[in-house]
Amino acid sequence: MKNPIQNLNKAFENKVRLGVMAALMVNSRLSFNELKDLLELTDGNLASHIKALEKERFISVNKTFVGKKPNTTYTVTSSGKKAFELHLKALEDLIKNQNITNK
């Protein structure tokens, strides 16, 4: 029997990274402050998880200025979208195949 958890992506095990990816999958672009408010996180907590997703190249960063204020926004990369969709599929498969009495 195939290991039901082998297709889960370790990058999405943390609930903050899962939340960041979920938010970015349904929004074309979100700012740091929008993510922070949406997920109710501190600056440092969000920044560390953003960095982990950046390192995997699952999200991209765009830094601009609005007037004199810096504005950082994030989007999902194509590889991030694919990885997240595979992770969600693995979760679905895991849930669907947990009934051992019918096997």
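In case you missed it, the structure is sitting above this.
In this report, we go over the structure that sits alongside the text. Computed from a prediction, not measured in an experiment: that's the story for all the values here. (Residues numbered from 1 in each chain as written. Predicted model: local features only at pLDDT ≥ 70, side-chain atom pairs only at ≥ 80, totals over all residues. Heavy atoms only, no water.)

### A few points about the packing of helix α1 (residues 15–26) against helix α2 (residues 32–39)
Now for step 1: One way to put it is that α1 packs onto α2 with a least axis distance of 11 Å and a crossing angle of 120°. If you check the angle between α1 and α2, you find them oblique. For the pair α1 and α2, the sense of crossing is right-handed. On the side of α1, the interface is formed by V16, G19, V20 and A23, while α2 contributes L35, L38 and L39. (Axes fitted to C-alpha atoms, helices over the stretch in contact; angles between N-to-C directions. Helix = DSSP H or I, 4+ residues; strand = E, 2+ residues; numbered from the N terminus. Parallel < 35°, antiparallel > 145°, perpendicular 65-115°, else oblique. Left-handed = near helix turned anticlockwise from the far one by under 90°. Contact = heavy atoms within 4.5 Å.)

### Notes on the pairing of strand β2 (residues 59–66)
The side chains of a regular strand alternate, first on one face of the sheet and then on the other.
Now for step 1: As defined by bridge partners, β2 adjoins strand β3 (residues 69–76) across 8 bridges and the pair is classed as antiparallel. If you follow V66 over to β3, its bridge partner there is K69.
Now for step 2: Hairpin connection, β2 to β3: the antiparallel pair is bridged by 2 residues, and G67 has positive phi, about 65°. (Pairing = 2+ DSSP bridges.)

### Quick notes on the nonpolar core
Now for step 1: Counting 19 residues, the largest nonpolar core has F12, V20 and L35 as its most contacted members.
Now for step 2: Elements with a contribution of two residues or more to this core: α1, α2, α3 (43–55) and α4 (78–96).
Now for step 3: No other element matches α1, which puts 5 residues into this core.
Now for step 4: Leave out the neighbours within four places in its chain, and V20 touches L35, L39, L46, I50 and L53. (Core = buried A, V, L, I, M, F, W, Y, C linked by side-chain atoms within 4.5 Å. Buried < 20%, exposed > 50% of the residue type's maximum accessible area, 1.4 Å probe, protein only.)

### A short note on the sheet that holds β2
Now for step 1: The antiparallel open sheet is built from 3 strands, whose spatial order is β1-β3-β2. Edge strands, defined here as strands with exactly one partner in the open sheet, are β1 (30–31) and β2.

### Quick look at the pairing of β3
Now for step 1: With 2 bridges joining them, β1 and β3 adopt antiparallel strand pairing. Note that in β3 the partner of S31 across the bridge is T73.

### Here's the deal with α3
Now for step 1: End to end, α3 covers 18 Å across 13 residues, agreeing with the expected 18 Å (1.5 Å per residue, within 8%).
Now for step 2: Listed in full, the buried residues belonging to α3 are L46, H49, I50 and L53. The buried side chains of α3 occupy one side of the element, clustering within an arc of 105° when seen end-on. Summarising the geometry of α3, the exposed residues directed more than 90 degrees from the buried face are K51 and K55.
Now for step 3: Buried-residue contacts for α3 involve α1, α2, β2 and β3.
Now for step 4: R57 occupies a position one or two residues after α3 and carries a positive phi of about 65°. (Expected span 1.5 Å × (residues − 1). Arc of directions from axis to C-beta.)

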